[in-house]
Amino acid sequence: MAWLLSTGGINESKSMKKITIKNRSQEITSPKGMRDLMNEEYYSFQGFFEKAQEVAVYYGFKPIETPMLEQEEIITSSIGKGTDIVDKEMYTLKTKGGDHLALRPEHTAPLMRAYIEHGMQTMPQPVMFYHSGPVFRHDKPQRGRYRQFWQFDLDALGSEKSIMDAIVIKTCMNILEEAGAENLSIDINSIGDKECRNGYIKELTSYYKKHINQLPSVDRERLKINPLRILDSKEEKTKEINESAPDSISFLCPACKKHFKEVLEYLEEMNIAYNINKNLVRGLSYYTRTVFEITGQGEMENDAPMALAGGGRYDYLARQIGGKKDVPAVGVSIGVDRIVAAPWYKKLAPRILKKPKIYFIQLGSEAKLKSLNIIEILRKAHIPIAQSLSKDSLGSQLAIAEKLAIPYVLIFGVKEALDNAVIVRDMSTRSQETVKLPKLLEYLKELK
Ligand code: AMP
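Structure report, in brief. (Residues numbered from 1 in each chain as written. Predicted model: local features only at pLDDT ≥ 70, side-chain atom pairs only at ≥ 80, totals over all residues. Heavy atoms only, no water.)

### A word on the site of the ligand
Surveying the vicinity of the ligand reveals 13 residues, the closest of which are Arg137, Tyr146, Gln151, Arg282 and Ala307. Within the backbone of Tyr146, a nitrogen or oxygen atom sits 2.9 Å from a nitrogen atom of the ligand. Compared with its free state, where it exposes 480 Å², the ligand has 92% of that area covered by protein. Listing elements by their share of the shell around the ligand, those giving two or more residues are strand E7 (148-157), strand E11 (307-313) and strand E12 (329-335). In terms of residues, the shell around the ligand owes the most to one element, E11, which gives three residues. When grouped by side-chain class, the residues that make up the shell around the ligand number five nonpolar, four polar and four charged. (Near = heavy atom within 4 Å. Polar contact = N/O pair within 3.5 Å; in protein donor to acceptor, adjacent residues only side chain to side chain. Areas by Shrake-Rupley, 256 points an atom, 1.4 Å probe, with all protein chains shown as cover. Helix = DSSP H or I, 4+ residues; strand = E, 2+ residues; numbered from the N terminus. Nonpolar A, V, L, I, M, F, W, Y, C, P; charged D, E, K, R; others polar.)

### Side note on the pairing of strand E16 (residues 421-426)
With six of six residues buried, E16 lies mostly within the body of the structure. Of the two faces of E16, both are covered, the one formed by Ala421, Ile423 and Arg425 as well as the one formed by Val422, Val424 and Asp426. Judged from the five bridges that link them, E16 and strand E17 (residues 432-436) form a sheet pairing that is antiparallel. Note on E17: the bridge partner recorded for Ile423 is Thr434. The hairpin formed by E16 and E17 contains five residues between the paired strands, and Arg430 there has a positive phi angle of roughly 65°. (Buried < 20%, exposed > 50% of the residue type's maximum accessible area, 1.4 Å probe, protein only. Pairing = 2+ DSSP bridges.)

### A word on empty space enclosed by the protein
The final tally for this structure, using the stated rule, is one cavity of 30 Å³ or more. Of the voids in this model, the largest cavity is the one considered here, and its volume is about 30 Å³. For the lining of the largest cavity, the element with the most residues is E12, which contributes three residues. Split by residue class, the lining of the largest cavity holds four nonpolar, five polar and no charged. (1 Å grid on protein atoms, 1.4 Å probe; cavity = no way out; pocket = protein on both sides within 12 Å on 5 of 7 lines; lining within 4 Å. Points joined across faces, edges and corners; volume = space filled by probe spheres on them.)

### Structural notes on the sheet that holds strand E8 (residues 185-190)
The pairing of strands in a sheet comes from backbone hydrogen bonds and takes either a parallel or an antiparallel form. A sheet is described by the order of its strands in space; here eight strands give the open sequence E2-E6-E7-E12-E11-E10-E8-E9, paired in mixed fashion. The two strands at the open ends of the sheet, each matched to only one other strand, are strand E2 (62-63) and strand E9 (274-276). Of the strands in this sheet, E8, E9, strand E10 (288-295) and E11 are in contact with helix H11 (residues 254-269), which crosses E8 at around 170°. (Contact = heavy atoms within 4.5 Å. Axes fitted to C-alpha atoms, helices over the stretch in contact; angles between N-to-C directions.)

### Things to note about the pairing of strand E15 (residues 408-412)
Counting buried positions over the five residues of E15 gives five, a clear majority of the element. Along E15, one buried face is formed by Tyr408, Leu410 and Phe412 and the opposite face, lined by Val409 and Ile411, is buried too. When strand E13 (residues 358-362) meets E15, the two strands line up parallel, connected through five bridges. Bridging across to E15, Ile358 finds its partner in Tyr408. Judged from the four bridges that link them, E15 and E16 form a sheet pairing that is antiparallel. Within the sheet, the bridge partner assigned to Tyr408 lies in E16 and is Asp426.

### Examining the side chain of Thr66
Following the sequence through the fold, Thr66 ends up in the loop between E2 and strand E3 (69-71). In this structure Thr66 comes out as buried when scored by relative accessible area, which is 10%.

### Re the sheet that holds E13
Here we have five strands laid out as an open sheet, ordered E14-E13-E15-E16-E17, and mixed in their pairing. Whereas interior strands pair on both sides, the edge strands pair on one side only; in this sheet they are strand E14 (385-387) and E17. Neighbour to neighbour, the strand axes of the sheet diverge by 30° on average, direction disregarded. Against the sheet, helix H14 (residues 365-380) makes contact with E13, E14 and E15, and its axis sits at roughly 160° relative to E13, the strand it touches most. Strands E13, E15, E16 and E17 of the sheet are contacted by helix H17 (residues 437-446), whose axis makes an angle of about 125° with E17.

Here's what the structure looks like:
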């Protein structure tokens, strides 16, 4: 495809042009920071998604899936300039037709776009969705940080009630706990609404201006575009300055104060431990009122804890992306890659993964010809099997059955194919019996 891919600040189009089909064979790798999911890791993901969906459904969330590409403008107008995602991490492309699209760096703005596009404001409010899939950020790959990673999101759109913040947090906590996380606590803050935030930002700006000479250049730049971002700066010098920075909670208007108090009351009622973190603002510019982050304890052995999930209220996002009305909403994004890699992850087994009790062996062309019919009889009866149909000798097939420690073997040879029968062999006692095919399911059901 003649799409031109570019990422903020990094000109990959040039290097892409250099790659010819010839030298490609020397570098057969997935793109940096992106990987193939397979084997145990695939099952870990699938098991997590199944459990997360199950919990979400119990709390009233319904599924939705949005495209991986969005109009670039939807992403930039929602997440906002002055954020790392928009300034540095977007994967954008121009189609042959001239559309400017972006690979989604998160699920919230696409969801709000879908809500507006499908006129969901006419449905009973709030509408509650869970959604998941890969998201893309051109960040520096490192421990727990990929360029393609998976998020599982929960969102409630169309209500400003504090209990919606609580249901999103509670459902998220339950999902993390079902996945094996223990002793979770949530960092929470309120950054107010348009009534009170302006006053706060003014105060914050004047505070940073007083310290401008000590501020690192990256934070001086942020001061011009998005001073709130300085609060979660990773710069050591800024961290010191932040210790005495004014906090947003002191500037909350009565309505925001009430909302925040109610959210905390719900958390207390549900025995969810929380820590009010006045420096928590979250990277994206669409947040209002509640913002929160959940950090696991020791999710990687000998490593510093990392954020597992983050979210908050985004009451003005709808207008930011061009909607005619505000849609009060709240949501959370759970980072799936970090959960399934954590030492405490329970290894939730996906439902399709069945441990086979039977190994199917076929011998001779007559038997091989009919073998798929027998496997189909077993599948319809929900009897999972293992097989190596490409093999021909009894010895090699038996060896695999033994290696896999499968308790029973079905042997289907030339004689059995003619007699419409199969040999059932108990691998522990080595005893075996010939069973007619019409009686096979009944016979297998009796086996322990
Ligand atoms: P965010 O959308 O940045 O609030 O992220 C929500 C969650 O996604 C975080 O708490 C992390 O668990 C996860 N996450 C964010 N960025 C990455 C990344 N680059 N690689 C893997 N997981 C990530």
